[in-house]
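Results of the structural survey
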Amino acid sequence: MRTRWITLLALLTLMAAACNSGSPIEGPAGDTPAEGDAAACEEGETDGDLLLYNWSEYIDPELVEAFESEHGVTLTEDFYPSNEEMLARVQSGASGYDVVVPSDYMVSIMIEEELLLPLDRDAIPNWENISDQFLAPPYDPDLEFSMPYQWGTTGLGVNLDAVGEDYEPSWGLVFDADLADEHAGRISMLDDPRETLGAALVYLGYSINSTSEDELAEAAELVAEATGRLAAYSSDQYSDLLMAGETVIAHGYSGGFFAAYDEAENPDQWDYFVPAEGGTIWTDNMAILGDAPHPCTAHTFINFILDAENGAALTNWTYYASPNAAAEENIISEILEDPAIYPDDELMANLQFIEDTGDFEIQYQDHFSRAKG
């Protein structure tokens, strides 16, 4: 997924405090664990209810119910449309969230900013179910701060009745006026600076992680021109808008489209593809905030998701690929055998991970805000 060669600078320091049932772990000042400290939790231990900050429609409600029933706690979800919005909320401090689900490049940013709690592997024995492919990701080389949740690609979903069976599989459906004007007012793009500007960069032949001011300005101009053709910028309703007929071309995440198509009256009416110019591959990850009120419940939740059967249930509901090798025997065959969900080597070679560009990140956010108008 997103190739990120970030050096991990944060040091893991173990703390001796233990989690007490019903209350958060206490640090030297009587608060939640100090920055850089790891919680010391037992397998299956809980220390209160869980507040999960996640992407919308990203966990099977039956899994939520199963976790609550199995561990006698309440799981409350709150949602964000982009990594950047999640980061801003967390940076404000005392968010109250326990577990967040950042994408790969955002994990490295949050590690660098010391926002995440080092994980206690003893409380997450199911980490051993993780596929070898995800055991040493460049954004968290030793999985000290995160555990993989789901992975997939970003591309375009289309209504074949509108674009035709022989449509051009290109980002030009959004950015080329000759191709896109026909569908003006019926196109949506993700409300995400890195994904949307990244799509424009790739279309122009540049790296999705460009740190060239000239290249980024060119991509932003392309996005600004496309804004006039859009029905919406949306990171959580893109598939709903497409299926409702309000759009016929939608920029979004692979699993979101597949789950929607699976429920459609005529699945053959819809298609999803990664444009010929290339696209994004990503990993979303479970992490515990450094000021999480309930770090032991958070560890127990991560271990629950990494269970083989629960990992399969998650993928069977989201239609995203699973990083859980032990889950594969329980994943339905139409998902496992779909190359758009589990890309073959040829497609993988045409995908890029979004990388942390350091101080240049603010340029992406500023250009995107202006491009949206």
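The rules behind these values
Residues numbered from 1 in each chain as written. Predicted model: local features only at pLDDT ≥ 70, side-chain atom pairs only at ≥ 80, totals over all residues. Heavy atoms only, no water. Helix = DSSP H or I, 4+ residues; strand = E, 2+ residues; numbered from the N terminus. Buried < 20%, exposed > 50% of the residue type's maximum accessible area, 1.4 Å probe, protein only. Contact = heavy atoms within 4.5 Å. Areas by Shrake-Rupley, 256 points an atom, 1.4 Å probe, with all protein chains shown as cover. Core = buried A, V, L, I, M, F, W, Y, C linked by side-chain atoms within 4.5 Å. pLDDT = per-residue confidence, 0-100. Phe/Tyr/Trp six-rings, centres within 6.5 Å; stacked < 30°, edge-to-face > 60°. Lys NZ or Arg CZ within 6 Å of the ring centre and 35° of its normal.

When you go through the protein chain residue by residue, the secondary structure sums to 15 helices and 12 strands. Within the protein chain, buried positions represent 57% of all 373 residues. Taking the contacts inside the protein chain whose residues are at least 6 apart along the sequence as the reference set, 75% of them involve residues at least 24 apart. Working note: accessible area of the protein chain is about 15000 Å², and carbon and sulfur atoms make up 44% of it.

Okay, the nonpolar core next. Counting 114 residues, the largest nonpolar core has Val100, Met110, Leu116, Phe175, Ile249, Met286 and Phe301 as its most contacted members. Beyond its immediate sequence surroundings of up to four residues, valine 100 is in contact with Tyr53, Met86, Val90, Met110, Leu116, Asn285, Met286, Ala287 and Leu289.

Counting buried positions along helix α11 (residues 295-305) yields 11 of 11 residues, so the element is predominantly enclosed. Taken as a whole, α11 has its buried residues at Pro295, Cys296, Thr297, Ala298, His299, Thr300, Phe301, Ile302, Asn303, Phe304 and Ile305.

Per-residue confidence for the protein chain gives a mean pLDDT of 89, with 90% of residues at or over 70. When the criterion is pLDDT under 50, residues 1-35 qualifies, and its contacts beyond four places in sequence or with other chains add up to 97 contacts.

Attention now goes to the packing of aromatic side chains. In this structure the tally under the stated criterion is 22 aromatic pairs. Ring plane angle 70° and centroid distance 4.9 Å describe the contact between tyrosine 58 and tyrosine 149, whose orientation is recorded as edge-to-face. Placement of the pair is tyrosine 58 in the loop between β3 (50-55) and α1 (61-71) and tyrosine 149 in strand β6 (residues 146-159), with a sequence separation of 91 residues. One exposure class covers both tyrosine 58 and tyrosine 149, and it is buried. The interplanar angle of 85° and the centroid separation of 5.3 Å between the aromatic rings of phenylalanine 67 and phenylalanine 301 together place this pair among those described as edge-to-face. Of this pair, phenylalanine 67 sits in helix α1 while phenylalanine 301 sits in helix α11, and the two are 234 residues apart along the sequence. Look at phenylalanine 301 and you get buried, because its relative accessible area is 2%. Above the ring of tyrosine 233, the side-chain terminus of lysine 372 is found at 5.8 Å from the ring centroid.

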